[in-house]
Structures are given as structure tokens and as C-alpha cells.
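Reading the structure
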Amino acid sequence: MNTLLNKLLKPFGSIGLSCILLLFLSLLTWLGTLEQVHMGLFDVQKKYFESLFLVHWAGPIPVPLPGAYLVMCLLFANLFVGGVVRLRRKQANMGILVTHFGILFLLIAGFITLFFSQNGHVTLYEGEESDFYQSYYRSEIILHQDLGDEGVRQITVPEEQFLASEGATLRSDVLPFDIVVDEAMRNARPRQKGPMFTVDVPVVDGAFLQQLPPDESAERNRAALYVSLVNKVDGTRQQGILSTRSRAPWVVDVNGERWAIDLRKERYRLPFSIKLEDFTKDDHPGMGMARSFFSDVTVTEEGAPRQQTISMNEPLRDEGLVIYQTSWGPANARPGDRLFSTMEVVRNPADQYPLYACIIIAAGLVLHFSNRLTRYVRAEGKAA
Amino acid sequence: MKQNPVLRSTLTEDCGSLSQRLPSILLLLPLLLPAACSEPSGQAHEIGEGEVLADGRFPAKRTMAQRFGFASPQTGNMAAAGAQDHGPDFTFELPDGWTELPPSQFRQVNFGVAGSDDTQCYLTVLDGDGGGLAANVNRWRGQMQLEPLDDEALAALPMGELLGSPATVFDATGTFAGMGGEGNAKGSRMIGLLAFTGAKSLFFKIVGPGSVVAAQKASFEGLAASLTDAHAGHNHGPAGAGTMAQANTPAPAAPMPSGADATTGDGLSWDAPQGWQVTAPRPMRLVNYAVGGGDDNQCYISILGGDGGGSLANINRWRQQMGQSTFGVDEFAALDRIPMLDGSALMVEIEGSFTGMGTDALSEALMLGVIRELPERTVFVKMIGDRDALALERDSFLEFCQSIRFADGG
Amino acid sequence: MTLLRWTTLAVMTTALLATLTTPAQATPWQQAPGADAEVEQADDAHDGHSDHSQHMDPPPFRVGPWSEADIANAESLPIQDGGRVKPLHTFASFTLLRYSGKRSVETAAGEKLSPVEWLLDTMFFADRSRDYPVFLVSNLKVLEAMGLDTEGLKPRDRYSFNTLAIDDQGTGINKLFELAREFGMIDPKQRTLVQDQLYSLAGSIDDYNYRLAGSALMLALVPPDTTDPAVDEWTTGNALFGLGMEGKELPAEHDQALRSIIGLSRSAGVADEFSAHLSTLNHTTVALAKARGEYESTELELGYYKAGWIAKSKILFLLGFLVTAILWLRPRNMIAYRLGWVLVAAATAALITAIVYRCVIRGRPPISTLYESVIFVTAFGATVGLVMEWINRQRIGLSAAAIVGVIGVYIASGYEILDKQDTMPSLVAVLDTNFWLATHVTCIAIGYSAGLLSALLGSIYLLGKITGRKKDDPTFYRNLTRMTYGVLAFSVIFSIVGTILGGIWANESWGRFWGWDPKENGALLIVLSQVLILHGRMGGYLREFGINIAAAFSGTVIAFSWWGVNLLGVGLHSYGFTSGISQALWSYYGFQWLLCAAGLYVLMREKRLKAAS
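All right, on to the overall build of chain B then. Regarding its fold elements, chain B presents 9 helices and 21 strands. Taking all 410 residues of chain B together, 36% fall into the buried category. For chain B, the proportion of contacts with a sequence separation of at least 24, taken over those separated by at least 6, is 56%.

What follows is the structure, encoded as C-alpha cells:
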């Protein structure tokens, strides 16, 4: 049994495999860098670095490659088996062992970040307050039911269920209708239909969706949908347009119930509310270049407000969230104009892991190479 | 080669959300995720019952037009969270035999011209100054295989109106090479209107076989005159919440002339003297007047942030433009002052030969300039042109400067 | 070496440094312009500038060169420019470098002016200054676009303001500004080379004409008269004048400063009066700056630039390189060896001195700009080379140090000219953190340095093998390989740690540890290539020859990461560079790849011969 297991594991742990995987990773990193010149970063990340397989086009020639995600999974296995489990336990290898542990830890941190982190932003003008942050890239359908004195019922639908699923039906027991996704567009703009021309998309109440090419900066894509509401009682359909560019939701009365449906950037609740008291942009004297910029905010948690300052390189950490000072605008603001501050909000359980990994790796490397150096010097001494 | 949709294979796009992926991750090695992650269409999704929010407010019911801002005043807060932008929409009177074609990304309104499939007519609206008058006129001339115009000729082009703003009229006959330069249509004619409001640049043009365009010229002009922006004058919130703009250097405090109302702008208002005509606004100028006949004689107001570079420096720059030597501090100290804007402003009068930036030389020129330094910005009023013509306008100029006052809330 | 020999070495080094430490003198004139100046004065009186009453006679030109006292007072004037306080010497020097591509001006009269002298002439004898050939135009197409006749002109030359100026047809500078405004609206990345050069020339000329020519009124020479650090913007003579015009009462020092500045313009041709005003201005503004604690670093900076440490190091490295080249031909020559040691050690010491000075002046860790990364990498690489030489005395370390040194300082000066700006600029907000600059950036730079040194050693190996030197001395190659590998191992530590630190910094600033940004990818590529070599050796795939080929190749990976990614123009790390860097980079790639290919060929041949026998 042992030898069989050993035989199975041996190729997994071979240095040859390590070299091959490292070569692939290098190739992917290099290609992914060059591709960013004409493909946006977000798309390159998805295609080269978060995928299992991909096809890279070298001019007209298709080159199938493993994605960096797959390579790193294999590297993890290879490192674990070959670099830790099967590493000969001797004095000379202690440093390497520690380093390999560090790298494994780093890879784990990467996996956690990929699957369990969430990021978005909260953008406020001075004086504004918010208790949610929103995604840069993701959208959601939001449904509200008017419950009169009891308030509202709210249902959110993540984009996986509608954005790439034309023809899909969204249903719920509490809804008086089913929602059919007739057409989904990643980036589109609602336009008013003129009387004299035709379009090849449906026109609803004098409006239609003009599809736009995907933007290079992925966060500028504005999704939009054609949906049909199918009455559960009598099967009648009504079609509507949902767009992240809308100013107000689509309100319908069906079977005596009133519902509001809208499409917006995905929102995440903050465990507190944050209010921008003051945003300061401090320029280098005599220049327009910012020396520093920071936001003075009031964070109110369970009724208890407290003042905080968030600046570049000094984020606010609270309740498992980290809030960063990312940018500001409007871009052409003049002195005295009202400014807004954009603060990025990140929830990442592995937030500090890379720091720990770094320390472990550094320690391991220093241990290993100083070991070698002393042995080399001793050998020289013996020879002399 | 952009992404190939067939072969694009991603982990996060086609698979379920965070919570849906979790069980898979825990059960399986991170090596091989089930291929059945992608959702085929026609599937039904249970979206759950959501939650009841006792303090939630139900939104008001709005029409489609209101929801997307078609021809209606804006409602609600245009602030950061979920700000959107949208294009203007236009109304017009379609001439006989003309059809309306679907708009495209650069043709906000698109027309088919009566009796000709080769003829194109459309309106383009761009943000900003779109390259400016010269660049666009000469680009069109290039499309017609014509030589570009120099500044004198450009300034001599006739003026009309487009969407309520003064517009330069373009009319040229040549060989139309098409937008991409691949065509070869001899005897084509292009008529166009170009307007620059500072915030936007507007282009309305018709191009096609010469005979067709000649026949349709009246219709084109009528159509242009009837073209109206359905919602002029509203403003936008921050463009696209949370664009990742890094440390931005704000542009100098150049006011954007509105074009619509010619006697107020940027917190100031003024009275234009008799006979002064508002002309096409230009970048960096709050308002521009043609003075005393002829397009060469102009008077304009511009405002710069801060000290605008300093009064002496600006006066010396003007003096150099007029071919004069620069002032030292003695001459500067001896300058006149006039009352303006609740204070006093420096005034200079310079004769000479004008070779200012980007214009042709004007040999017997007169320049009158006034500089008023305010706490946060500096107001410049400058009149430049033919010496004899402007000598007659000196009093009007002084009246004009003294009529400048703070508008309410300025 | 024995104590005696080391003492000799130390003494020689000190002597060398001492001779080179004397501050640069203003070039003494062979003859005073004397009679010529008188004739020029007479001409000025009758000069038909214009017939207007409001016209001041241009001041008569200075008699002889600027006095040492005047130069000393001028160059030590503090000025706030680019967001920081610096000596006028720095300002003049970089301004001239930007316009002219070099730090001196040769006038038609045969005078050679230092930047400060040029600036003084420009401010107070502007009419003369406009005739100095200062503006570098390296492309005749630029002049053609301006409408000037380029018949018989050199492809790359310097022109005076007047030569380029307006003429009746509206060509020259007039046309230049018109074009520049048009091109200014094009996205910098989309501009063609000529458009870029036109835009840049227009900027220089506008700056010259608007800010410098005619007076010192437009420069921010006057510190605020309060010690409150919140008030941090300096004023110009012009602004003070404006305040005075409006009837505002100026504080005593400001009033004094203003009078001096105005006095300078007024007394331009009158030597004693002028010097007095200059002296007063100096005392007044220096006192104000000192009170605010803003003068100390200015003084240091003046000393730093006048000592010219980097220039010294350049000469020393060059000499050292030549001597070590001789050493390759005569390896046992002890004179050449010791001389080489002295020169390279002195050069490295000078460079390190420069770096230390800069740290103190700026109050920052050694690297905060690309320029500083070059000199740091050079200094570190040369140091490691010298250390290796100390350990094994094979002459290889010494040569490597000399090569790294000479290439590095030349790249640094070339880059300085291309970049055309103060090499101690103010930093953007995200870089304004000493901790991360000290840790991440320094680690990465050490990684670059050691990695490039390793590539150099590998290249030396390959050159040796290709040219067939020391064929019968395998120990030489074995030792060389040990050095290559050892330095590489050293680099690995810093590359890995530096890269991860970069990620941690990004996490603290932007909320994500790794974003596959080009600069991050570049760093990762270095780590991967170096780790690949380590594992390749461990797995037996890379033997002695292979290690050297791989190490040499990894030099191009480092070059790509350090410079190449900036040329891609994407991501958070893009700076926008000219084609000069691209050319240099591709030349290096070509050279290194060729060398590796040739080495591979020799390796294959060796293997075949071995297999045959």
C-alpha cells in the first residue's frame, strides 16, 4: 500500500513537474501582460489567470494553454507532495521546508481571496451617508413588494441567474408572476424609439435597448435586460425593460399586488453606516498634483457614531471589512466645487495572510542560504 | 482578436455565486470543478422569498420616459450611488420623402434622404470640444479630397445656427472618399453645420452626389432649423460611479460657456453694447462678441483661476503679441485703472501689429485689455482688432467692462 | 593584502577623491569682452526696436563674466518649484537640461555659460539671451512643421529663440504654438514622435518666454513670512507686486524682497548696484526660509550638485573599466590590478555618497523614482562585485563591478536627459510613504541589481566559452559559475520578498494583494525565472553551462520588468516613455539573446564532441 501510494505520488512531487509548471506560469504571466495592451485588465484576469483552460491567439494560430488557476492548483499539489511531504528531512533542507510552507500558505491565501472575497465601493459627496456599498462589475435584479404598513418585501437575484441565461425563468412562491429573461445585454443603453425607423429589438412603451460594445474598463459596462412577466393566474405576459441606468424601477400591479422591479449594481450591506463629513485634497504647493487626499468620515455602528480618517495607504479596518481611500472626483473640479470621495470596500478573510506568508518565506530563504554560506565558508577553511 | 465566446471558459462567470460554489469547493479538490457549472438556457431558477423590511419604502410609479429620462425633468438625487448618463434625444420635422434611420453610437439622429441611398445625413454630438473647429472642418475637407483651410479662410466661413447655438456653415464640393477614405465619388457635395458649446460639440451634415444635395439643400436647412434638443440644460452626476481615476489634475478653472444665454455666465452678468454680436464661443472664453463689423474685431471675457499668471505677465504677453517690447515695473505702475466689479481693474491700450497665437497678422491693430483680480480668480476682458474700427468702440468697451457685475449667488 | 598595501590603497583613494572634490569653477575668461561690450552698448542706444514712447532701452550688457559673488548669491537663492524648495542652481540646471539636453550654453561670442549664468542672462539680459542657441531640436521635421527652411541644417542642433521666432509669414514660434495647442488635445500615448517633440518644444519656449525671460518676477522666490507649516505656498515677485498695486501693506521682509527683485531688473547693467540687490535678496529670502526650516536641505542640495558626485563617479568608473580591460589582457599585472581597485572602489564610494546625500536632502529612502533606481542598482551591483573580488580575487568581480558601474551611470545620465525633469520630484499621494519605499522598493532594486550582476557573470562565462578562452582551465569556469549561482541565490531572496511586500503594500492602498498588473507580473516573472533556474539545477536539467545561459537570459526578464512594462503604457505603473528607452531596451534584448543563442550552440557542440569521443 505504501509503495503504491508512493508510486502514485512520486510523479506529482517531481522537480521536473515543478519546472514545467513554473514555465507555464511564466508563459501565462508574460502573455497576460502583453494582452493587457488591447484587452482590459478585468478580461485578461478572467481569461488567463482565473481560468482552467484557454486559447491564446498568436496572430492566426490558436495555442491552447492551461489557465493559471489550473497551473497554480497543480503547483500547490506538486509543492505539497514534492516540496513538503517527500522532502528529505535533513538539516540542509530545513530552510527550504519553511519556504515551501510559506509559499503554500500564500497560495491558500490566493484561493481564499478568489472565492471568498468581495469588493465594491461607496462613493459619497460631502454630507452624504450610506449603509451599503456596491460592486464595480456585478449587477443584480431587485424586487420590492408594497406591503403597506408592514413595509416592503425585498428579493435580490444575483447576475448568474440572468445575465448569461437568456430564456431562463426566475420564479418564487411569493411572486404573482414568473420572470422570463428574454434578452440580456452586458452593456446597453435605453433609447427612445422614433416613429420612422425600425430596430431589431423589442420596443416597450416607446423605448428600446441599444446594445453597446463591452467597455475596456469593465466597471463601465451597464447591463440591461428585456424581461417578460408571466401572470401565474391567467398566463398573460407583459414585457419590460430593466437597466442599471434607470432612475426609477418598473412598478407593476399584478393580481392585486404591487411590485417594483429594477436592475442595479449589486449592493452589499455594511454593518455600519458611513457618512462623509469632509474630503480633503492636499496639493503639493504650487502644483495641481495631490500630495495626499483623505476622507473624514463618521462611522455609526448601533447608534454609536465615531470619527475616522481614511487616507491613501491608511485604510479603515472594521468588522472584517477594509475601507480604502481610492479616488475622488469630479475630474474637472475647480477649487470650491463640491467633491465626492470614492472609497473601496473589501471583505477578504485572507487580508493579512500574505504578510504572514512573506515573513515565513523570508525566514526560510535566509535560513537556507545562510546555511549554505556557512558550509561553503567552512569548506573553504578546511581546504585552506 | 478579442475573446472567442465559444472557447472562453471561465471559472467565475459560468458557475454559481459564492454560496452556490461553496459546497462544490468543500467536497471536491480544487483541481477539477464540475463542467455542469454552466447554466443552460431555459432553466428555471428559484429566487427565494427575500426578506421583509419593516422600514422599507416603496418607490413611486414612473412612466418609461421618466425611468430613463426621456424628455422629462430629472427627478431624484443624481448623486453618486447609481448615477447614470444618457444621450440627449431630439425632436425635428422630417422633410417630405425623408426617412428616419436607426441611430448609432456616433449618429444620435440619422436620416435617409429622399430618393438617394448614397446620401447620408446625420447628427453627431460629442462631449467636449471634439477637436475644435479647424480640426473638424479640415477633416471634412480631407474626406472631400480638398486642401485644408487656413485660419483666415476658417474665420471667413459663414455662420448659421444648430440646436440653438451659433454654428459654422460648411459647404464643399469634391470627391467624397467616405468616412474611411475608401470611396471615390466624384462630384459629391457636403454641407454641414458645426457648433461648439464648450460642454459639447455638435455636427450636422449631409453628404452625397452633388445633384441630390443641391436638390435637398432646402430640406436639409429646414430640418436643421427644426432640430431641437429635447432636454437642454440639465446636468449629470458623477460620470459612472466609482471610475478608478487615479490622482487627477483638475483642469485650470476655465468656465464652460452655456451658449444659450449670452449675458450671464460663471457668476457674472453684463450688458452687451449696441451693435455687438455674440459669436461662436470658444474654449477659454466666457463670451465672444464681434465688434464694429467684420469678424476680425472681437471682444471677449475670459476667466482664469488664481492670479491667472499675474497681471504684469499677462500684459507683457499681450504686448508681445502686439509686437511691442515688454513693460518693466515702472511702466506697469503707470497704468490706468478703471472701476469694475466692485473694485478697480488695470487697463492697457496697445497699438501695433497683432501676431497673436494661431491667427494671421493684423498690421494696424489696437488692443484694449482689462484685468480685474478677484480673490479666487482673475477676469480678463480683451478687445482686439483693426485700429481704426476699434478706436470707435473704445467707449463701448469701457461701458461693457463697467457693466460686468456679479450675478445673483456669484 | 597586507596592512601596508591597504593603507596605500586608502591613501590613494582619498587623494583621488580630494582632487575631484574641489567645486566647479566658473570658467575664467581669456579676455574680457571689453571693447566689444562698448560697441554693443552704443548699438543698443540706436537700436530700432520700435517707435513707441513706452519703451525702455535694454540694459547694456555685462562687462565680463558674472562675478563669483553674484553667482554664489544667485545659485544659493531658494526657490519653490515643482512642489518643493530647492536652490536656484538646481532649478537653472534642470531647466537648461530640459531645453537644451545639456547643462551648458555656448554663445556665439564664444562664452561658455553654466546654467546659473545662463539663467541670470535670461532674466536680466533677455535680449542677449534670446540669441543663445539653447533649444534643442533633434528632428528637422519639427522645424519644417514650423514652416522654417531646413536647407543645410544639421539633423540635430540647438537654436536660439530669435532664430525660431515669429516672422512675417506667421511661421516659426507662432506656428509652433498653434500646432502645440492642437496636439495638446491628442492623448499623449497617441501622439506621433514629431507631434510629441513639437509639443515639448512649444512648452519649453513658452516657459522660457513667459516665466524666465526679462525678470525674476515670475519665480516663486519669496517664502511666506510665517513659520506656520500650513501656509506652504511661496510667492512670486509678480504676485507681491500685484498686492502692492492694490494698496495692501506688505510685511517688511516681503517688501524688501520685492524691492530687491525689482531692483535687479532695474540695475541690470550696473554691476555694483545689481550685486547689492542680489545680495539683499539672498539674505532676505534665506532668512525667511531658515526661519521656516526650509533652507537646510537647500544648502545641502547645493553642495551636492556642486560637488558633482555622480559626474565624478562616471569618470572614475570609466577609467576603472579601461584599467580592468587592460587587466584582462595582462591578468598578473599588479599595478593595473591595484589601480583598478582604487578606481572602481572610489567610483562606487562616490556613487554611494551621492545616494546618501540625496536621502538626507529629500528625507526619503534611497529610491523613489526610476532615476534613483538606476543609480542604486548600479551602486549595489558594483559593491557586490567588489565584495566578490575581495573574497576570491579572480579579477572577475572587479571587472563585473566596473562594467556594471560604467553602464549604470551612463544609463542614469541618458535617462536624466530623456526625462527632462528634476530628479528629486514631488511624489504622488500613493508613493508618499517612507516605510514602503524603504522596504518594498529597496528589496526589488536589490533583486534587480543582484540579478543583473548574475546575468553579467553568466554572460562573461558565455563569452569565455564562445571565444575559447581558458579552454584548459575548467576551474576558472567552475568558480565563475559558483559566483553566478551565488549572486542569483542572493537575488532570489530579495526578489521574492520584495514582490510579496509589493503585494502587501497594494493591499494596504488599493485593497487587493495581487491584480496581475503589468508591473506586478514583471516582478513575478523575475521570481519565476530565478526559481526555475534553482529548481532546474536541483533537478539536474541545468548543469554548469546551462545555469550560465539561463542566468544570462534572466537578465532580459529583469530588463523587461524594470523598463519594458513601462513602455506598454497600461496599468497603474505606466509612465509614458519616449522611443529612446525602447531602442536601448531592444538593443540589450538583442545582444543578450544572441549571446545566449551562441552559448547554446557552443554547448550543443561540446555535447556532440563529448558524445562522439
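Additional details are given in the paragraphs that follow.
A few words now on the overall build of chain A. On a plain count of helices and strands, chain A comes out with 6 helices and 18 strands. Here chain A holds 384 residues, and the buried ones make up 41% of them. The contacts in chain A between residues at least 6 apart in sequence include a share of 53% that link residues at least 24 apart.

This part is about the pairing of strand β4 (residues 129-146) of chain A. On a regular strand, one side chain projects to one face of the sheet and the next to the other, so that they alternate. Residues and elements named next belong to chain A. When β4 meets strand β13 (residues 257-283), the two strands line up antiparallel, connected through 12 bridges. Residue pairing in the sheet places H144 in a bridge with A260 of β13. Relative to strand β5 (residues 152-158), β4 is paired through 7 bridges, and the arrangement is antiparallel. Across the sheet, I141 pairs through a bridge with V157, a residue of β5. Between β4 and β5, which pair antiparallel one after the other, the connecting turn spans 5 residues, and G148 there sits at a positive phi close to 65 degrees.

Here the focus is helix α21 (residues 518-538) of chain C. Residues and elements named next belong to chain C. With 21 residues, α21 ought to run about 30 Å at 1.5 Å a step, and its terminal C-alpha atoms sit 30 Å apart, in line with that. Summarising burial for α21: 16 of the 21 residues are buried, a large majority. Just beyond α21, the residue with positive phi is G540, at close to 80 degrees.

Turning our attention to the packing of helix α19 (residues 434-467) of chain C against helix α20 (residues 474-510) of chain C. Residue and element names in this part refer to chain C. In contact at an axis separation of 7 Å, α19 and α20 are set at 155 degrees when each is read in the N-to-C sense. With respect to each other, α19 and α20 are oriented roughly antiparallel. Where α19 crosses over α20, the handedness of that crossing is left-handed.

Residue and element names in this part refer to chain C. With respect to the helices and strands, A216 occurs in the loop between α10 (193-212) and α11 (237-245). Of the residues examined, A216 has 26 C-beta atoms within 10 Å and is grouped as buried. Separated by 21 residues in the primary sequence, A216 and G237 have C-alpha atoms spaced 7.2 Å apart. When sequence neighbours within four positions are dropped, the list of residues in contact with A216 reads M123, L221, G237, I261 and L264.

If you trace the 5 strands from one edge of the open sheet to the other, you get β11(A)-β10(A)-β7(A)-β6(A)-β1(B), paired in mixed fashion. Edge strands, defined here as strands with exactly one partner in the open sheet, are β11 (237-243) of chain A together with β1 (44-46) of chain B. Shown here is a sheet whose adjacent strand axes are inclined to one another by a mean of 30 degrees, direction ignored. Pairing analysis gives 2 bridges linking strand β6 (residues 169-171) of chain A to strand β7 (residues 177-185) of chain A, with the strands arranged antiparallel. Looking across to β7(A), one finds that A:T169 is bridged to A:V180.

Attention now moves to the nonpolar core. Membership of the largest hydrophobic core comes to 164 residues, with the highest contact counts inside it found for A:V71, A:I361, C:V344, C:I375, C:L453 and C:V497. The next biggest cluster of nonpolar side chains, apart from the first, holds 104 residues, and it includes B:M367, C:L97, C:A126 and C:V142.

For chain A, the assigned domains read domain 1 (2-116 + 358-383), domain 2 (119-131 + 269-347) and domain 3 (137-267). The C-alpha centroid of domain 3 of chain A is placed 45 Å from the C-alpha centroid of domain 1 of chain A.

This paragraph deals with the packing of helix α16 (residues 334-362) of chain C against helix α18 (residues 396-419) of chain C. Residue and element names in this part refer to chain C. The geometry of α16 relative to α18 is characterised by a closest axis approach of 10 Å and an angle of 45 degrees between their N-to-C directions. With respect to each other, α16 and α18 are oriented oblique. In the packing of α16 onto α18, the handedness of the crossing is left-handed. Each of G340, W341, V344, A347 and T348 in α16 lies in contact with α18, whose residues at this interface are L398, A401, A402 and G405.

Take the environment of C:S138 next. Mapped onto the secondary structure, C:S138 falls in the loop between β5 (135-137) and α7 (140-145). C:S138 gets classed as partly exposed once you count the C-beta atoms within 10 Å, which come to 15.

What follows deals with helix α5 (residues 210-226) of chain B. All names here are of chain B. With 17 residues, α5 should reach 24 Å at 1.5 Å per residue; the first-to-last C-alpha distance of 23 Å fits that figure. A bend of about 55 degrees at Q216 is the largest found in α5. Residues of α5 that are buried in the fold lie against β6 (120-127), β7 (159-162), β9 (185-196) and β10 (200-209).

Turning next to the sheet that holds β10(B). Residues and elements named next belong to chain B. Strand order across the open sheet formed by 7 strands is β4-β5-β6-β10-β9-β8-β7, with antiparallel pairing between neighbours. Looking at which strands have only one partner, the edges of the open sheet turn out to be β4 (99-101) and β7. Averaged over all neighbouring strand pairs, the angle between strand axes comes to 30 degrees, with direction disregarded. Inspection of the sheet shows β4 paired to strand β5 (residues 109-112) by 3 bridges, in the antiparallel sense. The residue bridging T99 from the neighbouring strand is G112, located in β5. Along the sheet, helix α3 (residues 132-143) makes contact with β8 (165-176), β9 and β10, crossing β9 at roughly 165 degrees. Where α5 meets the sheet, its contacts fall on β6, β7, β8, β9 and β10, and the angle it forms with β10 comes to roughly 150 degrees.

Rules used throughout
Along each chain, the written sequence defines residue order, and numbers are assigned to residues from 1. Lettering of chains starts at A and numbering of ligands starts at 1, both following the order in which they are written. For a predicted model such as this one, the threshold for reporting local features is a pLDDT of at least 70, and the threshold for listing and counting side-chain atom pairs is 80 or more; totals across whole chains, interfaces and linings nevertheless cover every residue. Every helix listed is a DSSP run of H or I at least four residues long, and every strand listed is a run of E at least two residues long, numbered separately from the N terminus. Exposure classes come from backbone-placed C-beta atoms, where a residue is buried if 20 or more other C-beta atoms lie within 10 Å of its own, exposed if 12 or fewer do, and partly exposed in between. C-beta atoms are first placed from the backbone for all residues, and any pair lying within 7 Å is then listed as a contact. If DSSP finds at least two bridges between two strands, the strands pair. The span you would expect from a helix comes to 1.5 Å times its residue count less one. Between the N-to-C directions of two axes lies an angle of 0 to 180 degrees, each axis being a line fitted to C-alpha atoms and, for a helix, fitted only over the stretch in contact. Should an angle fall under 35 degrees it is called roughly parallel, over 145 degrees roughly antiparallel, and 65 to 115 degrees roughly perpendicular, with every other angle called oblique. It is the rotation of the near helix from the far one that decides the hand of a crossing: anticlockwise by less than a right angle makes it left-handed, clockwise makes it right-handed. The nonpolar core criterion groups buried Ala, Val, Leu, Ile, Met, Phe, Trp, Tyr and Cys residues into a set whenever they are joined through C-beta atoms within 7 Å. The start and end points of each domain follow an automatic or database-based domain assignment. A residue's bend is simply the angle between two axes: one fitted to the seven residues ending at it, one to the seven starting at it.

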